[in-house]
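As a plain string of letters, each chain reads:
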Amino acid sequence: MNKEWIRTTLRQVEPYKVPVISESTVINANESPYSIFDFPAVKSDFLQRLERLPSYRYPKPYADDLRKALGEYVGCTPEEILVGNGGDEIIGLVCSTFLEPGDTILTHWPTFDIYGIDASMTGAREERVPDKDGFVRSAEAYGQAVKEKKPKVTVICNPNNPTGHLWSTDEVESIVAASDRPVLVDEAYLEFSGLESSIPLIRRYDNLIVLRTLSKAFGLAGYRIGYAVGQKEMIDALALTKATYNVNAVSQTAGLVAMAHRDEILGFTIPRIVRTRDFLARELKEIDGIRVYPSAANFILCRVPDGAAAVKALSAADIAVRSYKASALRHCLRLTATTKDTAERIVAALRKEFSHA
Ligand code: PMP
């Protein structure tokens, strides 16, 4: 094929690559260990609703029932929500709505790769503000960078993936206030942090977009349901390039069921995952040469003496983890906190690899 047929801004794009996995325990994508089918009441509600779902009908283009239910969950009106095919779609919509060739998207670094990848597709450039030692971010320095660089879009990932670092709501607000252009606050992992969402700030900031997802805390990664929260005009703008029927009917149904049973699902899931995360952090700290970074999410980032050896040792224990090529993350592993049993296997494999008594 003639490569010049491809849009100019797409020719250099490096797509996001999902690794092929052969291990049976997968802790490389921050997925929940719990399925909605693990909860009998949730399972039967979902199956009954599925049976009543006419497969020949198109889904609701704006997932109206679901956005009403999500609005009740996060405290806003349906018009202040846009449901996407995963949070990933929301990030794409932010980029395609606001970025043009030559624009800048500002990120703290390291963070989730998709912001920079989606921005590059529009011809925009990612500018990165590096974290301080220990992957600690300074809200003051980031706010200052926003004022100096005046990016078209500013990103805040809170808690941050992959470091787990958390900014307080006041710190988030100080950054949102520093910009008079769109600020995306990605709260994909908020439910694990114990922090209040930044969503109430949409009342005061017309430039704020908060991203949430049902992939993590609700264990619905396979159904692809994410959402943006912002003022109505912001939501209308983000919908400009959305595919008409972006969220299929089965997913909308799964989302509705998750919302109808949200207290049961979160009440079971969150304390268990948080306990596993804290257990992992405590145990890994005890192993020679491993540095653990404090995390407010459902994963732990740690630096080990030899990243490649750790990946190999975990793979030998039938566990797939996330490691990184970026130099800031050399020898770092991101371990998803799932069950205590999996955490014990991770600790045992890494202890065997790195404890040289
Ligand atoms: N934001 C962050 C920070 C993430 O880590 C992820 C998932 N890896 C997403 C957004 C998107 O999640 P999803 O598309 O599954 O909703």
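See the structure printed just above.
Criteria and thresholds
Residues numbered from 1 in each chain as written. Predicted model: local features only at pLDDT ≥ 70, side-chain atom pairs only at ≥ 80, totals over all residues. Heavy atoms only, no water. Phe/Tyr/Trp six-rings, centres within 6.5 Å; stacked < 30°, edge-to-face > 60°. Helix = DSSP H or I, 4+ residues; strand = E, 2+ residues; numbered from the N terminus. Lys NZ or Arg CZ within 6 Å of the ring centre and 35° of its normal. Buried < 20%, exposed > 50% of the residue type's maximum accessible area, 1.4 Å probe, protein only. Polar contact = N/O pair within 3.5 Å; in protein donor to acceptor, adjacent residues only side chain to side chain. Contact = heavy atoms within 4.5 Å. Core = buried A, V, L, I, M, F, W, Y, C linked by side-chain atoms within 4.5 Å. Expected span 1.5 Å × (residues − 1). Salt bridge = Lys/Arg side-chain N within 4 Å of Asp/Glu carboxyl O. Pairing = 2+ DSSP bridges. Axes fitted to C-alpha atoms, helices over the stretch in contact; angles between N-to-C directions. 1 Å grid on protein atoms, 1.4 Å probe; cavity = no way out; pocket = protein on both sides within 12 Å on 5 of 7 lines; lining within 4 Å. Points joined across faces, edges and corners; volume = space filled by probe spheres on them. Nonpolar A, V, L, I, M, F, W, Y, C, P; charged D, E, K, R; others polar. Domains from an automatic or database assignment. Near = heavy atom within 4 Å. Areas by Shrake-Rupley, 256 points an atom, 1.4 Å probe, with all protein chains shown as cover. Sits in = over half its atoms within 2 Å of the grid points.

Draft legend 1. Main features of the packing of aromatic side chains. In the structure shown here, the tally under the stated rule is eleven aromatic pairs. Seen in terms of ring centroids, Y73 and F218 are 5.6 Å apart; in terms of plane orientation they differ by 85 degrees. Their pairing is edge-to-face. Here Y73 is found in helix α2 (residues 64–74), whereas its partner F218 is found in the loop between β7 (208–213) and β8 (226–229), with 145 residues between them in sequence. Counting every residue linked through ring pairs, the aromatic cluster contains Y16, F112 and Y115. Sitting above the plane of the Y62 ring, K242 keeps its charged end 4.6 Å from the centroid. Between R334 and the ring centre of F299, over which it is positioned, the NZ or CZ distance is 5.8 Å.

Draft legend 2. Highlighting the side chain of E80. Here E80 shows up in the loop between α2 and β2 (81–84). In this structure E80 comes out as buried when scored by relative accessible area, which is 11%. Separated by 2.9 Å, the side chains of E80 and R203 make a polar contact. With residues up to four places along the chain from it excluded, the contact list for E80 reads I202, R203, A228, V229, G230, K232 and I235.

Draft legend 3. Spatial organisation of the nonpolar core. Counting residues in each nonpolar core, the largest one holds 80 residues, and the members touching the most others are F218, L284 and L335. No other element matches the nine residues that helix α9 (residues 262–285) contributes to this core. What F218 contacts, discounting residues up to four positions off in sequence, is I36, Y73, E191, A258, M259, R262, I265 and L266. Residues V94, A124, C157 and M234 belong to the second largest nonpolar core, which totals 25 residues.

Draft legend 4. Spatial organisation of helix α3 (residues 86–98). With 13 residues, α3 should cover 18 Å at 1.5 Å per step; its first-to-last C-alpha distance of 19 Å lies within 8% of that length. Those residues of α3 lying buried are G86, G87, E89, I90, I91, L93, V94, C95 and F98.

Draft legend 5. Region of the structure containing the pattern of salt bridges. This model, assessed by the stated rule, comprises 20 salt bridges. For R49, the salt bridge goes to D45, with nearest N and O atoms at 2.9 Å. Taken together, the positions of R49 and D45, both in helix α1 (residues 40–51) and four residues apart, correspond to about one turn of that helix. Owing to a relative accessible area of 17%, D45 belongs among the buried residues under this scheme. Ionic contacts of the salt-bridge type, sharing partners, join the residues R125, E127 and K149 into one network.

Draft legend 6. Here's a closer look at the sheet that holds strand β13 (residues 332–336). Strand order in the open sheet made by the four strands is β9-β10-β13-β12, with antiparallel pairing throughout. Both edges of this open sheet fall to β9 (291–293) and β12 (322–323), since each of them pairs with a single strand only. With five bridges joining them, strand β10 (residues 299–303) and β13 adopt antiparallel strand pairing. When the sheet's bridge partners are listed, F299 is paired in β13 with T336. In the packing of helix α10 (residues 307–316) onto the sheet, contacts are made with β12 and β13, and the angle to β13 comes to roughly 30 degrees.

Draft legend 7. Spotlight on empty space enclosed by the protein. Per the stated rule, a full pass over the model turns up one cavity of 30 Å³ or more. Of the volumes computed, that of the largest cavity is approximately 40 Å³. When grouped by side-chain class, the residues that make up the lining of the largest cavity number six nonpolar, four polar and no charged. Both domains that furnish three or more residues to the lining of the largest cavity are identified here as domain 1 (21–36 + 263–354) and domain 2 (57–260).

Draft legend 8. Unusual backbone geometry, seen in detail. In this chain, N158 is followed by P159 through a cis amide linkage whose omega measures -5 degrees. The topology assignment puts P159 in the loop between β5 (153–157) and α6 (169–178). Cis geometry marks the peptide bond from N161 to P162; its omega dihedral reads 15 degrees. On the secondary structure map, P162 appears in the loop between β5 and α6. Despite not being glycine, N30 has its phi angle at roughly 55 degrees, a positive value. Within the secondary structure, N30 is located in the loop between β1 (25–26) and α1.

Draft legend 9. Region of interest: the layout of surface pockets. The computed volume of the largest pocket comes to approximately 1,600 Å³. Taken together, 50 residues line the largest pocket, and the ones lying closest to its centre are Y16, K17, P19, D113 and R322. For the lining of the largest pocket, the element with the highest residue contribution is helix α4 (residues 114–121), accounting for four residues. A class-by-class count of the residues in the lining of the largest pocket yields 26 nonpolar, ten polar and 14 charged.

Draft legend 10. How the structure looks around the site of the ligand. Residues in close proximity to the ligand total 14 residues, the closest being G87, D186, T213, S215 and R224. G87 is positioned with one of its backbone polar atoms (N or O) 2.6 Å from an oxygen atom of the ligand. The separation between an oxygen atom of the ligand and a polar side-chain atom of Y189 is 2.6 Å. Surface burial for the ligand is 92%, taken as the share of its 400 Å² of free accessible area covered by protein chains. Among the detected pockets, the ligand sits in the largest pocket. It is α3 that contributes the most residues to the shell around the ligand, three residues altogether. Across the shell around the ligand, the residue classes tally to five nonpolar, five polar and four charged.

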